[in-house]
Each structure stands twice: as C-alpha cells, then as structure tokens.
Amino acid sequence: MSKSPFGIESPMSRRRFLGVTGAVSLSAALAACSNSSGGSGGSGSAGGAAVSQADIDKAMATPTTRTFWTWVPNIQSEVALFEAKYPAIKVNVVNAGQGTPQYTKLRTALQAGSGAPDLCQIEYQYVPTFTITESLLDLRPHGASALKSKFVDWTWSQVSGPNGEVFAIPQDTGPMGMLYRKDIFDKYGIAVPKTWDDFAAAARKLHAADPNVYLTNFAANQAAAWHGLLWQANAKPYTVTGKSTVAINVDDQISQKLGAYWGALAKEGVVGVEPDFTDSWYAGLNKGTYATWLTAAWGPAFLSGSAASTSGKWRAAPLPQWDASAPASGNWGGSTTAVIKSTKNPIAAAQFAQFLNSDPDSAKLFATKQFFFPATKTLLADQSFVGATPAFYGGQQVNQVFADVSQTVNTSFQWPPFLDQVVTDFTDTVSKALSSKGDVVGSLAQWQSRIVSYAKGQGFTVQGS
Amino acid sequence: MSAQNTDPQGTGAAGPLFVAPFLALFLLLFLTPLGYAAYLSLFQHKLVGGTTFVGLQNYVNALKDPLLLHGVGRVALFFLIQVPLMLLLALLFALALDSGLLRLAKVIRLGIFVPYAVPSVVAALMWGYLYGPNFGPIAQLGRHFHVSTPNFLGNSWMLGSLANIVTWEFVGYNMIILYAALQTIPRELYEAAAVDGAGPWRIARAIKLPALRPALTLTLLFSVIGSFQLFNEPKLLQQIAPDVIDSGYTANLYAYNLAFTGQQVNYAAAVSFLLGLVIVIVSYVFLYVANRRRNA
C-alpha cells in the first residue's frame, strides 16, 4: 500500500469546477451567514454568532453539490457515508494533485477569485500558510469547538488559530517513531537505542562491523523530517504573533545541537544522506542497506507495501530521546480538511468537514481502508486498531507503539506562514551541507538569514533581528 | 476578371481583413500576456501590506540578486559547451546522410530523430535512471568490471549530465533542419565541382557549408533560446538530486520558484523579462557576427 502523505503523486483527475449548479439559489439565502461568520474571524472568543440548528437542518436538507479537493485515494467510501446520511448534499471529489501542486492551484484560484473548491485537503504544516491570507473559514460557529475533546490534543492545537479559531478538522497524523531491522540488530548485537547518544554509538558500531550497512539514512532533502526532529527536541523555530510579526529561530541552540549531531554522523559516513522516496532509496530499504528508518506513524503501512521482500524483519520503537526521562516526539505528515472561506454554502461544507473526520465510522474507515494513522482519541484506544499484529512486523502491535508516541507529541509547535519558501531555503542550504558532508551548523545560519530576509521582504516584522 | 481592376478600393480593405485573424490572435495571445507581465513586474506584493507600485525596483533588485546571476552564468556556460557540440554532431550526421554513401539512410535518419519525438519529461526521467549512482545500469556495469564510474548526479557532473540529455534530445531536430537545407542545393553544382576535380571533402567545405550558413544561424538561434530557458530537465532531475539542483540552478527555474514557492509573482515577472532581454542580446550578437562574416 504505497499510500503516504508524502508518496508519489497520483495523476490529476478530471477537474470540474462548480458555479453553475443549483447551489446558486441557496447561496443567496446563506450569504448573510457566510459573511457574519467569515468576516468576524479572529475577533472575540466565539468567532461570530453560532449557526442555529434550524439553519443547519434546513441547509442539510437543501439539494446542493460541493467540491472537495483531495488526493486521498478511494476517499469516495468515506464520502458515501456522508451522502447516505445527508442525501441532499452531493460532494464532488476532485484530485487536484498531492501536496504542493494542489496548494499552487488553490492559491491561484484564490487569487483569481473563482474556481476555488468548497473544501480542501491541507496538511497541518500548511494551515498557517492559508490562514495568513484569510482563506480558511473559522468553523467555530458551525459547532467545531464541541469536537475538541475527540481529537488528540496536539492535533487540535495544530488546527487552532491564535484566538481560538478552528481552521480545519484533523484527519490523520504522523507522530514520529523508529522502524528498525530486528535481524540486523541481532546479527551485530545492537540494542534498540533509547537515546540519541546510544543511536550515534550504534551507528558507528554497525558501520564499522559492515561497511555496506548504515544504521539509518538521514535524507538530506527531507525538510519535513528535520522539522519533526526539531519538534521532538522542543524547538520553537517559528513564532507568529498577531498578523505581521514573526520570530525565526532555526539557528538557535536546539537547532545547532541537531545540526552538529547529524552533521558529525554524516561527515563520518556512518549514516546515509541520500534523498528519500527515490528509486535508490527504495532499493536501500529493500536490500538492508539501512537498518532503521526514522519515520512517522504512516510509515509502517507504507513500508510493508514498498519493501515487501523484507517482511517479518522489521519492528517499531519510539524515537531515540534527548532526555530519556521525558519521552517526546514530533509529527511528520498527516493532514486536515479545511473549508475555503469563499464557499457559497459554508454550512454544508463545514458539516462535511466535521462529519468526514469525526464520525466514528468514517474515521475508522480511514484507518482500515487508507491505512491512515488516526487523529481521534477513540480510535487510538480501539483494540481492533491498536491491537492489530501485522506479520510484516513479526506480530508486533505496531499501532500501539505509535499510539503511545502520539501522546508524547508537544502541543505548542508552530509553523511559519510561508512554509514553501522555508522549505526551498532549507533545501538550498542545510540539505546541501548535509549531503556534501559539509558544515551543517554553519548552514543553519544561512538558512536563518534567508528566511529572515524573505520575511522582511514580505512585510513582516521579524523579532530579534 | 479580377477584383483589382474593377474595384481598387476593395483590395485596400481586403489586405487588413486577411491579416486581421492573425493580428487579433497575436494581440490576444502574445502581446497581451507580455504586456500584463510587464505591468506586473512594476509592482510588489507582500503577504503583509498588500500590493504597491515600486517602479523599476524589482529590476534593480534582480540585477543585484546573486542567485539570478549564478543561474544566468550557469546557462551561459551550458550554452558555450553544449551548443557547439550538439550543432557539430547534427552537422556531421546531416552531411553523412546527404552524402548518399550510407546504407539504411532512412533508418538512421529516423533513429537520430526519434529522441526529439520523446517528450523531454520522459527523456529526463529515463536518463535520471541511467545516471543513478546505486543501481543505474552504468554504475552497475562499472561495479561489475570494478571500474569506478563518476557520480553523474553529483555536483561536478550535473551540468555535463544535463548537457548530454539535451544533446541527445535535440541533435535529431537540428540535423533535420540542416539536412533539409542540404537537399535544396542544386545537384548540378556537385557535378560541376566533380568535373573540376573536387573530392567529397572539398565539395562539403566549398559548397555545402556556405550554403548551410542560413540554416546554421537558425539552429543557433533556437539553441540560444533553448539553453537560456533550460527548465524541464533540471526541474525533473531535481527530484532525484535535490541537493545539487537548487532553486536557482537555472535562471528559468529560479523564476518558476520565485513565482510558485515564494509567491513573488511580481519579482518573477521582472526576472523573466531580464532573462528575455539576455536572450535577445545574445541572439542579436550572434546574428550580427554571422551577418558580418557573410558580408565580409
């Protein structure tokens, strides 16, 4: 099942825009709601007047078709559950590309003022990129606040705005852990590393024992993994205050500790640094070149599909720790469903976003059909999910490992409002230093200064510089 | 009787009428977007603060932008190395085919031309696989014979690897242009030269090459444009070598990244215009040199 949030893009399917459907008649009646809830986002704690149950009932009984951009394969099954409950509402699922290509199209449509969908798949790290342009609808007036207790705390803080707005509903997650080859560990007498010091020692030991094997591949290009590890180390690389003030700290003590750590291992040549999700990388995982994969909770299902020849040899464990007495982790991947503010039918769209991800049947289907790692507390405690014993992992309860990890993910990590640029700058500086086994700590300063100058150029006040 | 004699004023109206469809499309599809891009390049859009008119500030910034200058420098180097090689190969193939001495000339002609028919996206992916340092066939062959192969996707080889892909793609295309030009040379000239005692080499040098000059100039112009706008190949190889091909590897790639990852559409427009200007200047210089030689 090669279905990951960072997997291969599926080809773009038909792209049909709405606009000339029966929705028009309804939209006039709802315009008032849309304006009041959208316009006042951010002011006051309630985020605009709540939509009354009568209005919701009326809207959900009025025939309409809403467009939903998502790259999730076979999501039609979950959509069907919604359409069965609300036969009047049809959801037109459009695959507009996975990740960045979809965001590019969405931004273009938003700027053009037409062609944007009603709902959109958005990864956690991109929520601030779209809230800075005020493109996402605050879902509080639609009853989203009531869902807070259903979701794991850190996922809810990821979709929350500075004034308590709810900009999206979590769908799946990627708390980070470690997948390792038990057979290789056993062969060379390596214990599962509990701390990063253990991990470094194991990397040196393993590579000395067999020069063709590396403890891990620390993909130089993978900004998402880097951020996940910063997250684990309790870094605060980005802090957004208000609408126009940011603090950038990708070169602080914690980042430098990380840079020095991985820079040294890369320089010694005891870990690989090749780009991930490439043919060569897949071959490395299949051939046992890499004894671990520092990955996220979607990794187990992904790996069992793309390294089938190694079935039974892998196990899962939490990430090595900086402080073993206070286990922590970060998140890599997973996404949300957001309602685009320009929707002509905010009630139906908001109800769909909430149903899709919080309805027990729909949420469970994501876990069993798409192999998504859940964001709801119920599922993370559901024996039929966490108790599964896949043969690929020698019968280990892999989901339980990651469910426990999810509890240790820090709730206060923030993303910058211009993530694309941050990632590009990362690739141009830190990735280069890592892959060329150069000065990684020094490259962090370059990364920092490029982000700062971009932020200033975009009119932000950058704190501390 | 033609309309010319009976209604002279009618022809006056007919001319513009015939040109109108072209002119309308030209205005709509060519000049309008160009004008719009020029207009965009005079503004600056900020995430905080919105859009403001900044005059030529974007151009001033671009001229001082080290990433852009590196990108332009790199494609200029690419142009200087790759284009002469490619045109020389195309010329050799065209002359060989035209000589009539080759067997299976049609098959060979098609074989050299086929890569041009392969979409450049497919070509880049295919070559990316061939170049692969771990299990690309070249690396595997090297390992089999215990010969170390260079890392084609590494920092020092990348530009050469790209040049190889582009050459492979476009030799056939240029060859067809040159071959077609050779076909238009009157055969009597060859007979006359042969009667005067000229061998095949002499004929190639004294008759074919001079006759090919306009066609060569044309292929050179296309190559200037192609080189300076290098985009597809680096963009695709970026997936497998993201640490070598950065966001400003070529000037066009830089403009793309500015517009679509940095959201700096206005600045990207200015960069694109400057790149266009570079292409116009380089093309003009080559045309000027070529013409002067011909007249001299």
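Small disclaimer: the values here were computed from a predicted structure and weren't measured.

A. Examining the sheet that holds strand S5 (residues 176–181) of chain A more closely. Residue and element names in this part refer to chain A. With mixed pairing, four strands are arranged side by side in an open sheet as S6-S9-S5-S10. Each edge of the open sheet is held by one strand with a lone partner, namely strand S6 (214–216) and strand S10 (314–318). Neighbour to neighbour, the strand axes of the sheet diverge by 20° on average, direction disregarded. Examined bridge by bridge, S6 and strand S9 (residues 290–296) share two bridges and lie parallel to one another. Along S9, the bridge assignment pairs Tyr214 with Tyr290.

B. Focus on the sheet that holds strand S7 (residues 238–241) of chain A. Residues and elements named next belong to chain A. Ordered in space as S7-S8-S12, the three strands form an open sheet in which the pairing is mixed. Of all strands in the sheet, those bounded by a partner on one side alone are S7 and strand S12 (461–463). Averaged over neighbouring strand pairs, the angle between their axes works out to 25° when direction is ignored. In terms of strand pairing, strand S8 (residues 245–248) meets S12 through three bridges, oriented parallel. Counterpart to Val246 in the pairing with S12 is Val462.

C. Layout of the environment of Thr429 of chain A. Residues and elements named next belong to chain A. Relative to the elements of secondary structure, Thr429 occurs in helix H18 (residues 419–435). The exposure class assigned to Thr429 is buried, which follows from the 23 C-beta atoms found within 10 Å. Residues Thr429 and Trp447, spaced 18 residues apart in sequence, show a C-alpha to C-alpha distance of 5.9 Å. Aside from chain neighbours lying at most four places away, what touches Thr429 is Ser443, Gln446, Trp447 and Arg450.

D. Representation of the nonpolar core in the model. Judged by nonpolar contacts, the single largest core of 134 residues is most densely connected at Leu119, Ala203, Val271, Ala338, Val339 and Ala353 of chain A. Each of domain 1 (23–173 + 335–375) and domain 2 (176–328 + 387–463) of chain A contributes no fewer than three residues to this core. Not counting the four nearest positions on each side in its chain, Leu119 of chain A is found in contact with Arg66, Phe68, Thr337, Ala338, Val339, Ile340, Ala349, Phe352 and Ala353 of chain A. The next biggest cluster of nonpolar side chains, apart from the first, holds 55 residues, and it includes Leu95, Trp127, Tyr131 and Leu230 of chain B.

E. Layout of helix H4 (residues 100–112) of chain A. Residues and elements named next belong to chain A. Between its first and last C-alpha atoms H4 spans 18 Å; for 13 residues at 1.5 Å apiece the expected length is 18 Å, and the two agree. Listing the buried residues of H4 in full gives Gln102, Tyr103, Lys105, Leu106 and Ala109. Summarising the axial view, the buried residues of H4 lie within an arc of 160°, below the 170-degree limit, and thus occupy one face. Of the surrounding secondary structure, the elements contacted by the buried residues of H4 are strand S1 (64–69) and strand S3 (119–123). Where H4 ends, the next residue or the one after it, Gly113, has phi of about 85°, a positive value.

Conventions used here
- Residues numbered from 1 in each chain as written.
- Chains lettered and ligands numbered in written order.
- Predicted model: local features only at pLDDT ≥ 70, side-chain atom pairs only at ≥ 80, totals over all residues.
- Pairing = 2+ DSSP bridges.
- Helix = DSSP H or I, 4+ residues; strand = E, 2+ residues; numbered from the N terminus.
- Axes fitted to C-alpha atoms, helices over the stretch in contact; angles between N-to-C directions.
- Buried ≥ 20, exposed ≤ 12 C-beta atoms within 10 Å, placed from the backbone.
- Contact = placed C-beta atoms within 7 Å.
- Core = buried A, V, L, I, M, F, W, Y, C linked by C-beta atoms within 7 Å.
- Domains from an automatic or database assignment.
- Expected span 1.5 Å × (residues − 1).
- Arc of directions from axis to C-beta.

Remember, this is a structural readout, not a statement about activity or role.
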